[in-house]
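Spelled out from the first residue to the last, the chains are:
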Amino acid sequence: MSGRPLVWVPYPVAELELPDDVLAAADVRHVELGRESSSGLSVTPDNAGEVRFLAIPYSFDPSVFDLLSGMTSLEVVQVQFAGVEAMRGKVPGHVTLCSGRGIHDTATSELALTLTLAGLRDLATYVHERDRQVWDQKWHPSLAGARVVIVGAGAIGAAVRRKVEAFEATAVMVARSARPDEGVHGVEELPELVHDAEVVVLILPLTEESRGLVDAELIRAMKPGALLVNVARGAIVDTDALVEACAEGRIRAALDVTDPEPPPPGHPLWTTPGILLTPHIGGTASSFFPRAKRLIAEQVTRYVRGEPLENVVDADY
């Protein structure tokens, strides 16, 4: 690597605990690109054109994409989210894009389990009844003994599997392509797999193939009374078909993501019985920060030392 590369990271450099040789070999600076920060350095065209490694904040203004074209020395963009569909067409073709795979395994799988338990035990009803000072015991399905189809067999899906199995449920893994040696089914088997599943958890990337995957036909194939948990992307589900099924009491849903997101005022997602909503909080938990900092530190170290990067996104993402 020629020269001393300029590296922008979204956290104070000291918090990354970078090795001494990396700090000596690279100019690592704390810059929260796309966010106003009193502690971050100001972004100017002069130094932006010199940046070679850029780690983008988890929450940022979309105007950050406008700056990328002016970063003529840029070689690597590291993001902190697992799904990179928002980056499609935004990162120049010669720049290596790396995802935040591994950062969200704990937080998102925790929320998937939380939504599953809350949906099965209908906690939303008890919250409303508490507001009305109503004490009404009811029977509900348990996660123990349930069959849980997990659509998405990546790192987060595997974390969801471990958690539901700890609650004595049977997990069935589904991926884009079957991996028989790992016990993973192909997505084409979904209509048959959901037929006898009490819970279906979505934790797969949004692609052209997965957009609208959970449509009216697949929802009709689900077991009556089943729970659909979505911690992936809202557009994977046909919202109109889901609302209709929940309104009729055929299934229930616990959603951390929606389409549209957020739902506008008056949208049926707000009012349809059987739908529990959280505002896309799958990654916003305390477990995020140490994992994000660790990944960025590891990636910067690999880059500066000339080692292969982790989580490199395929060019056709």
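Higher on the page you've got the structure.
Visitor: Explain the sheet that holds strand β5 (residues 96-98) to me, using residue names and the numbers behind them.
Guide: In space, the five strands of this open sheet follow the order β2-β1-β3-β4-β5, with parallel pairing throughout. Strand pairing shows two members of the sheet lacking a second neighbour, β2 (27-30) and β5, which therefore form its edges. Direction aside, neighbouring strands of the sheet carry axes that sit 15° apart on average. Examined bridge by bridge, strand β1 (residues 6-9) and β2 share four bridges and lie parallel to one another. Bridging across to β2, Trp 8 finds its partner in Arg 29. Each of β1, β2, β3 (51-55), β4 (76-78) and β5 is contacted by helix α12 (residues 288-305), which is oriented at about 160° to β3, the strand it contacts most.

Visitor: Now, about unusual backbone geometry: what can you tell me, with residues and values included?
Guide: For the bond from Asp 259 to Pro 260, the omega torsion is 5°, close enough to zero to count as cis. On the secondary structure map, Pro 260 appears in the loop between β11 (252-255) and α11 (268-271). With an omega of -10°, the peptide bond running from Glu 261 to Pro 262 counts as cis. Secondary-structure assignment places Pro 262 in the loop between β11 and α11. In this model, Glu 17 sits at a positive phi of 50°, which is unusual for a non-glycine residue. For Glu 17, the position within the fold is in the loop between α1 (13-16) and α2 (20-25). Backbone geometry at Asn 311 places phi at a positive 60°, although glycine is not the residue there. Inspection of the secondary structure puts Asn 311 in the segment after α12.

Visitor: Describe a negative patch on the surface, naming the residues involved and giving the relevant values.
Guide: The grouping of Asp 238, Asp 240, Glu 244, Asp 259 and Glu 261 at the surface amounts to a negative patch. Tracing the backbone through its elements, the reader meets Asp 238 in the loop between β10 (227-230) and α10 (239-247). A relative accessible area of 30% places Asp 238 in the partly exposed class.

Visitor: Any chance you could break down the sheet that holds strand β7 (residues 170-175) for me, citing the residues and the numbers?
Guide: Strand order in this open sheet of seven strands is β8-β7-β6-β9-β10-β11-β12, and the pairing throughout is parallel. Where the open sheet ends on each side, the last strands, each with one partner, are β8 (184-186) and β12 (275-277). Direction aside, neighbouring strands of the sheet carry axes that sit 20° apart on average. The sheet contact formed by strand β6 (residues 147-151) and strand β9 (residues 199-202) spans four bridges and is parallel. For Val 151, the partnering residue across the bridge sits in β9 and is Leu 202.

Visitor: Go over helix α7 (residues 155-166) with me, naming the residues and quoting the values.
Guide: The terminal C-alpha atoms of α7, which comprises twelve residues, lie 17 Å apart, in line with the 16 Å expected from a rise of 1.5 Å per residue. Positive phi appears at Glu 168, one or two residues downstream of α7, with a value of about 70°.

Visitor: I'd like a rundown of the packing of aromatic side chains, residues and numbers included.
Guide: Summed over all chains, the structure comprises three aromatic pairs. Consider the rings of Tyr 58 and Phe 288, whose centres lie 4.7 Å apart with planes at 40°: the pair is tilted. One end of the pair, Tyr 58, is in the loop between β3 and α4 (64-68); the other, Phe 288, is in helix α12, with 230 residues separating them in the sequence. The class of Tyr 58 is partly exposed, set by a relative accessible area of 25%. Each ring, one from Phe 288 and one from Phe 289, has its centre 5.2 Å from the other, and the planes form 80°; the classification is edge-to-face. A residue is classified by how much of its surface remains accessible, and Phe 289, at 44% relative accessible area, is partly exposed.

Visitor: Lay out α12 with the relevant residues and their values.
Guide: For α12, with 18 residues, the first-to-last C-alpha span of 26 Å sits near the 26 Å given by 1.5 Å per residue. Within α12, burial applies to Phe 288, Ala 292, Leu 295, Ile 296, Ala 297, Gln 299, Val 300, Thr 301, Tyr 303 and Val 304. The positive-phi residue at the C-terminal boundary of α12 is Gly 306, with phi of around 75°.

What counts as what
- Residues numbered from 1 in each chain as written.
- Predicted model: local features only at pLDDT ≥ 70, side-chain atom pairs only at ≥ 80, totals over all residues.
- Heavy atoms only, no water.
- Pairing = 2+ DSSP bridges.
- Helix = DSSP H or I, 4+ residues; strand = E, 2+ residues; numbered from the N terminus.
- Axes fitted to C-alpha atoms, helices over the stretch in contact; angles between N-to-C directions.
- Contact = heavy atoms within 4.5 Å.
- Patch = residues over 30% accessible without salt bridge, like charges linked within 9 Å, V, L, I, M, F, W, Y side chains within 5 Å.
- Areas by Shrake-Rupley, 256 points an atom, 1.4 Å probe, with all protein chains shown as cover.
- Salt bridge = Lys/Arg side-chain N within 4 Å of Asp/Glu carboxyl O.
- Lys, Arg positive; Asp, Glu negative; His and termini not counted.
- Charge placed at Lys NZ, Arg CZ, Asp CG, Glu CD.
- Buried < 20%, exposed > 50% of the residue type's maximum accessible area, 1.4 Å probe, protein only.
- Expected span 1.5 Å × (residues − 1).
- Phe/Tyr/Trp six-rings, centres within 6.5 Å; stacked < 30°, edge-to-face > 60°.

Treat this as a map of the structure, not an account of what it does.
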